[in-house]
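# Report on the structure
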Amino acid sequence: MGLEDVSLPRTDAGRAGLEAVLASPRDAVVALDFDGTLAPIVADPSLARAHPGVARALRGLAPHIGSIVVVTGRPAALAVEYGGFGAVGGVVVLGHYGAERWEAGEVTAPPVHPGVAAVREVLPGVLTGAGAPDGTWVEDKGRSLAVHTRRTEAPQEAFELLRAPVEALAAGHGLVVEPGRLVLELRPPGVDKGAALTGFLRERGARAVLYAGDDLGDVPAFAAVEKLRGEGLAGLLVCSGTVDGDAPVRELADRADLVVAGPAGVVGLLTALGEELSRGR
């Protein structure tokens, strides 16, 4: 498979970003979300695993690219486990939207925000008081808490019902709410994928970046790349569109230079990029 076998960017900026990655791959970063981008979305997040082609694609790409980083809302160590990234040399994982960092087998992180512990105690009562339907459940990520509605009878209606009370609770304890695909995540402020990605790109002295994501949590990363383009960085923005009848997140798809068919499409793109770079230019 080569790049001629996959879809190419539809925008001038995206084509320039891809060309910059190909022309000087050692100065480039490939940055990837996890859920919905490298791993299919599942009803139970604990069952999410990377697409079976991810490890092979990353191993083929890693020797030729400056850096590969996974930027996720999950705890870093958990993303490493579910993604199998420990078997791919050189991959860095920024977990909890950049609050945690996994690299070379070690996790580093600051103390947990005190608001998380306070919200953990009262969130169940707030959900009950708001009329949360059966199937609503809370995922405790340690540094954040996520309210999921995917298992309810009417997931989108439940999401909209709970959004305001969850946001009010978060604000009262110094946290913010990050909406995603049928999930409301309560987390500390000032930490998002845009800040995490920008910091990593500057750390590595990157001159080009490919960023792939799938939902609203990736909008700050898209915005960061758009801003950095204005400062001279070349960037390719990829939206991992969903499959099985679901539409891609419209805001992300509209801003993307390239939309691919879910994790399988991302694997195809990464594989083609690795093979193109292995042949040289």
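Bear in mind that the values here come from a model prediction, so they are computed numbers and not experimental data. (Residues numbered from 1 in each chain as written. Predicted model: local features only at pLDDT ≥ 70, side-chain atom pairs only at ≥ 80, totals over all residues. Heavy atoms only, no water.)

### A short note on the sheet that holds strand β12 (residues 258–261)
Reading across from one edge, β5-β4-β3-β2-β1-β10-β11-β12 is the order of the 8 strands in this open sheet, with mixed pairing throughout. Taken across any chain shown, the strands that pair with only one partner, and hence form the sheet edges, are β5 (106–108) and β12. Across the sheet, the axes of successive neighbouring strands diverge by a mean angle of 20°, strand direction being ignored. Relative to β5, strand β4 (residues 100–103) runs antiparallel, the two sharing 3 bridges. (Pairing = 2+ DSSP bridges. Helix = DSSP H or I, 4+ residues; strand = E, 2+ residues; numbered from the N terminus. Axes fitted to C-alpha atoms, helices over the stretch in contact; angles between N-to-C directions.)

### Observations concerning empty space enclosed by the protein
Here the structure, examined in full by the defined rule, presents 2 cavities of 30 Å³ or more. Approximately 430 Å³ is the volume attributed to the largest cavity. Lining the largest cavity are 27 residues, with Asp-35, Lys-141, His-148, Val-183 and Asp-215 sitting closest to its centre. Of all the secondary structure elements, the ones that give two or more residues to the lining of the largest cavity are β7 (145–148), β8 (176–180) and β9 (183–187). The biggest single contributor to the lining of the largest cavity is β8, with 3 residues. By residue class, the composition of the lining of the largest cavity is 10 nonpolar, 5 polar and 12 charged. In terms of lining, the second largest cavity is formed by Leu-3, Ser-7, Leu-8, Pro-9, Leu-18, Leu-236, Leu-258 and Leu-269. A per-class count over the lining of the second largest cavity returns 7 nonpolar, 1 polar and no charged. (1 Å grid on protein atoms, 1.4 Å probe; cavity = no way out; pocket = protein on both sides within 12 Å on 5 of 7 lines; lining within 4 Å. Points joined across faces, edges and corners; volume = space filled by probe spheres on them. Nonpolar A, V, L, I, M, F, W, Y, C, P; charged D, E, K, R; others polar.)

### Thoughts on the nonpolar core
By size, the foremost hydrophobic cluster in this structure holds 44 residues, and its most contacted members are Val-30, Leu-32, Leu-38, Phe-85, Val-93, Leu-270 and Leu-273. With 7 residues, the single largest contributor to this core is helix α9 (residues 262–279). Excluding residues that lie within four positions of it along the chain, Phe-85 makes contacts with Phe-34, Leu-38, Val-54, Leu-58, Val-70, Ala-79, Val-80, Val-91, Val-93 and Trp-102. Counting 25 residues, the second-largest nonpolar core is a separate cluster that includes Val-29, Ala-221, Phe-222 and Leu-237. (Core = buried A, V, L, I, M, F, W, Y, C linked by side-chain atoms within 4.5 Å. Buried < 20%, exposed > 50% of the residue type's maximum accessible area, 1.4 Å probe, protein only. Contact = heavy atoms within 4.5 Å.)

### Observations regarding the packing of helix α4 (residues 114–129) against helix α5 (residues 155–172)
With their axes 11 Å apart at the nearest point, α4 and α5 run at an angle of 155° to one another. Looking at the two axes, α4 sits roughly antiparallel to α5. In the crossing of α4 with α5, the sense of the turn from one axis to the other is right-handed. Contacts between α4 and α5 involve Val-119, Val-122, Leu-123, Val-126 and Leu-127 from the first element and Leu-162, Pro-165, Val-166 and Leu-169 from the second. Within the contact of α4 with α5, the residues separate by chemical class into 9 nonpolar, no polar and no charged. (Parallel < 35°, antiparallel > 145°, perpendicular 65-115°, else oblique. Left-handed = near helix turned anticlockwise from the far one by under 90°.)

### Details of the sheet that holds strand β6 (residues 137–140)
Pairing within the open sheet is antiparallel, and its 4 strands lie in the order β6-β7-β9-β8. Two strands close off the open sheet at either side, each with one partner strand: β6 and β8. Sheet twist, expressed as the average angle between the axes of neighbouring strands with direction ignored, equals 25°. Set on the sheet, α5 makes contact with β7, β8 and β9; between it and β9 the angle comes to about 5°.

### Description of the packing of aromatic side chains
Each aromatic ring pair is characterised by the separation of its centres together with the angle its planes make. Using the criterion set out here, one finds 2 aromatic pairs in the structure. If you follow Arg-49 out to its NZ or CZ, it ends over the ring of Tyr-82, 4.0 Å from the centre. Arg-187 extends its terminal NZ or CZ atom over the ring of Tyr-97, reaching a point 4.6 Å from the ring centre. (Phe/Tyr/Trp six-rings, centres within 6.5 Å; stacked < 30°, edge-to-face > 60°. Lys NZ or Arg CZ within 6 Å of the ring centre and 35° of its normal.)

### Section: unusual backbone geometry
Phi is positive for Tyr-97, close to 60°, though the residue is something other than glycine. One can find Tyr-97 in the loop between β3 (91–95) and β4.

### Looking at the pairing of β4
Two strands pair when backbone bridges link them, and β3 and β4 are joined in this way by 3 bridges, in the antiparallel orientation. Paired with Leu-94 across the strands is Arg-101, a residue of β4. The antiparallel hairpin formed by β3 and β4 contains 4 residues in its connecting segment, where His-96 sits at a positive phi of about 50°. Counting the residues between successive antiparallel strands, the hairpin from β4 to β5 contains 2 residues, one of them, Ala-104, with a positive phi of roughly 55°.

### Quick notes on the packing of helix α6 (residues 193–204) against helix α7 (residues 219–229)
Where α6 meets α7, the closest approach of the two axes is 7 Å, and the angle between their N-to-C directions is 45°. By the criterion of interaxial angle, the relationship of α6 to α7 is oblique. The handedness of the crossing between α6 and α7 comes out as right-handed. Residue-level contacts link Lys-193, Gly-194, Leu-197, Thr-198, Leu-201 and Arg-202 of α6 to Pro-220, Ala-221, Ala-224, Val-225 and Leu-228 of α7. Residues that form the contact of α6 with α7 fall into these classes: 7 nonpolar, 2 polar and 2 charged.

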